[in-house]
Amino acid sequence: MGTTKKLSGKTMGYVILIGLVIVSWAIFKILTPHNFGSFSNMLNYFQASLIATVGAVGFYFVMVMGMFDFSIGANIMLSAIVGCVLATRFNLGYFGLIVGGILTGTIVGLLNGIFYVKLRIPSMIVTTGLALIYESLANYMAGGVEQTLPAHLRAFGRMPWDIILALVACVVAYIFLNYTKIGTYTYAIGSDEFVAKNMGINVNKYKVLAFILSGAFLGVMAILTISYGSSMVAVTGMASMSRNFVPTMGCFFGLAFKKYGMPLQAIIIGEFVINIIFFGFIALGAPTAIQDVITGFALLIIVTLTTKVTKGEIVK
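These numbers come from a predicted model, not from an experiment.

Engineer: Teacher, can you tell me more about helix 3 (residues 72–88) here?
Structural biologist: Residues lying three or four places apart along an α-helix face the same way, a consequence of the helix completing one turn every 3.6 residues. Taking 1.5 Å per residue, 17 residues should reach 24 Å; helix 3 reaches 24 Å between its end C-alpha atoms and fits that length. Among the 17 residues of helix 3, 15 are classified as buried, and the element is accordingly described as predominantly covered.

Structure (structure tokens):
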């Protein structure tokens, strides 16, 4: 009976998500039939969505615990620049790009976790302050110059390597979430931190681990980002925050569909839906300002529907 209920729940989740894909595609296909929604277009939208998907599945470990990270964009920017510098300036090629990107992302995640646990102040405040530091570091490393990845090092920006890397990242996240102690404790802390502490779980340790995992996945996202876009500009003054929102929106899809037992699948399809809408507005020729307004409203709606704060609960 329980298994049947679980299966029917998952089926319902898939029906809703696939329905969102079809509806969003149909709306823009009707509005702009000639330059939107062909099979090749949809494949391009899906490829573009995979970039944010990788970051979102990692960030999910942090968000499901009730924490937040405003340094996502700064992490992606710094990791991409470090990877690019190692690959080009130090002639380390793909080794420098992959190791530099993932290692930088992991170190940023570690710092976020340690500062959050030690300072005992809200994660939003900690990561906002750290984001300014990461932006400055990226600017220093780039020397104020746009960092460009040569054409022969952009395999992860096109098929099949972008799909392979994203697939590997999603499988690793799925294994961590469903078959390791980290995943079990992540959900336990997210459900009730006080009960988790009383069960003997080292809450601070697993919070730091969540940030480390999130950082590593954002490092992979950085590799996909610079490979797909070919270059990265080091911005300052919190301008990197514009990169925060698409992975975050995917995460909210994961939180919303956690009750169906399919958070990672929801993130993958949710990011695809977000990209369909984004490219739909481009096909319509809508100004960037209008796209940002729609994205902002969509984010607020998703947050409202997925975030449930009980009375007396501390907002992290």
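Engineer: Please clarify how the environment of A216 should be interpreted in this entry.
Structural biologist: Relative to the elements of secondary structure, A216 occurs in helix 9 (residues 203–229). Counting along the chain gives 108 residues from A216 to V108, while the straight-line C-alpha distance between them is 8.6 Å. Setting aside residues up to four positions removed in sequence, A216 forms contacts with I102, G105 and T106.

Engineer: Hey, could you run me through the confidence of the model for the protein in this one?
Structural biologist: Detailed reading of the predicted coordinates is not advisable wherever pLDDT falls low. Per-residue pLDDT for the protein averages 89, and the proportion of residues at 70 or more is 91%. Put simply, helix 12 (residues 288–306) is where the protein has its lowest mean pLDDT, 67, and helix 4 (residues 93–119) is where it has its highest, 97. Considering only residues more than four positions removed or in separate chains, one finds that residues 1–5, a stretch of pLDDT under 50, has zero contacts.

Engineer: Just checking my understanding: could you explain the nonpolar core for this structure?
Structural biologist: Looking at soluble globular proteins, one finds that nonpolar side chains tend to be buried together. Formed by 72 residues in total, the largest nonpolar core has its most connected members in V54, Y60 and I81. In terms of residue count, helix 9 provides more of this core than any other element does, 14 residues in total. Of all hydrophobic cores here, the second largest spans 20 residues; its members include F28, M42, Y45 and A286.

Engineer: In this structure, what is going on with unusual backbone geometry? I would like to understand it.
Structural biologist: Leave glycine aside and you will find that most residues have negative phi; peptide bonds, for their part, are mostly trans. Here the amide bond leading from M159 into P160 is cis, since omega sits at 0°, within 30 degrees of zero. Along the chain, P160 falls in the loop between strand 1 (147–148) and helix 6 (161–179). A positive phi angle, near 55°, is found at R120, a position not held by glycine. Tracing the backbone through its elements, the reader meets R120 in the loop between helix 4 and helix 5 (123–142). Within the chain, M238 stands out as a residue other than glycine whose phi angle is a positive 65°.

Engineer: Would you explain the side chain of D162 in this entry?
Structural biologist: Tracing the chain through its elements places D162 in helix 6. Although D162 is buried, it forms no salt bridge, and the closest oppositely charged side chain is R158 at an N-O distance of 8.6 Å. Among the polar contacts made by the side chain of D162, one reaches the side chain of Q47 at a distance of 2.7 Å. Ignoring any residue separated from it by four or fewer positions in sequence, one finds D162 in contact with Q47, A155, F156, G157 and L224.

Engineer: Can you walk me through the packing of helix 3 against helix 5 in this structure?
Structural biologist: If you want to describe how two helices pack, look at the angle between their axes and the distance between the axes. Taken N-terminus to C-terminus, the directions of helix 3 and helix 5 make an angle of 25°; their axes are 9 Å apart at the nearest point. With respect to each other, helix 3 and helix 5 are oriented roughly parallel. Between helix 3 and helix 5 lies a crossing whose hand is left-handed. Residues A74, M77, L78, I81, V82 and V85 of helix 3 lie in contact with helix 5, whose contacting residues are A131, Y134, E135, L137, A138, M141 and A142. Tallied by class, residues from the contact of helix 3 with helix 5 come to 12 nonpolar, no polar and one charged.

Engineer: Is there a simple way to think about the packing of aromatic side chains in this case?
Structural biologist: The way to describe two aromatic rings as a pair is by their centre distance and the angle between their planes. Within the structure shown, the criterion is met by 14 aromatic pairs. Note on F59 and F68: the rings are 5.6 Å apart at their centroids and 75° apart in plane angle, and the pair reads as edge-to-face. Accessibility expressed as a relative area gives 0% for F59, which makes it buried. Taking relative accessible area as the criterion, F68 reaches 13% and is therefore assigned buried.

Engineer: Sorry, what's going on with the packing of helix 7 (residues 181–191) against helix 9 here?
Structural biologist: Relative orientation of the contacting elements helix 7 and helix 9 amounts to 110°, with a least axis distance of 10 Å. It follows from the interaxial angle that helix 7 and helix 9 lie roughly perpendicular. Helix-helix and strand crossings are classified by hand; for helix 7 and helix 9 the assignment is left-handed. Taking contact as the criterion, the partners of K181, I182, Y185 and I189 in helix 7 are, on helix 9, V203, Y206, K207, L209 and L213. Classifying every residue of the contact of helix 7 with helix 9 by side-chain character gives seven nonpolar, no polar and two charged.

Engineer: Would you mind going over the side chain of T32 with me for this structure?
Structural biologist: Its location among the elements puts T32 in the loop between helix 1 (2–31) and helix 2 (39–63). With near-sequence residues (within four places) excluded, T32 lies in contact with A283 and L284.

Engineer: Which parts of the structure should I look at to understand helix 9?
Structural biologist: Between the first and last C-alpha of helix 9 there are 38 Å, a value that for 27 residues agrees with the 39 Å anticipated at 1.5 Å per step. For helix 9, the buried fraction is high: 21 of the 27 residues fall into the buried class.

Engineer: Would you mind going over the pattern of salt bridges with me for this structure?
Structural biologist: Side chains that differ in charge, positive against negative, can pair when their charged atoms come close. Throughout the structure, instances matching the rule amount to one salt bridge. Between E193 and K207 there is a salt bridge, and its shortest N-O distance comes to 3.1 Å. Residue E193 is found in helix 8 (residues 193–198), and its partner K207 is found in helix 9; the two are separated by 14 residues along the sequence. Looking at K207, the relative accessible area reads 5%, which means it is buried.

Cut-offs applied
Residues numbered from 1 in each chain as written. Predicted model: local features only at pLDDT ≥ 70, side-chain atom pairs only at ≥ 80, totals over all residues. Heavy atoms only, no water. Helix = DSSP H or I, 4+ residues; strand = E, 2+ residues; numbered from the N terminus. Expected span 1.5 Å × (residues − 1). Buried < 20%, exposed > 50% of the residue type's maximum accessible area, 1.4 Å probe, protein only. Contact = heavy atoms within 4.5 Å. pLDDT = per-residue confidence, 0-100. Core = buried A, V, L, I, M, F, W, Y, C linked by side-chain atoms within 4.5 Å. Lys, Arg positive; Asp, Glu negative; His and termini not counted. Salt bridge = Lys/Arg side-chain N within 4 Å of Asp/Glu carboxyl O. Polar contact = N/O pair within 3.5 Å; in protein donor to acceptor, adjacent residues only side chain to side chain. Axes fitted to C-alpha atoms, helices over the stretch in contact; angles between N-to-C directions. Parallel < 35°, antiparallel > 145°, perpendicular 65-115°, else oblique. Left-handed = near helix turned anticlockwise from the far one by under 90°. Nonpolar A, V, L, I, M, F, W, Y, C, P; charged D, E, K, R; others polar. Phe/Tyr/Trp six-rings, centres within 6.5 Å; stacked < 30°, edge-to-face > 60°.

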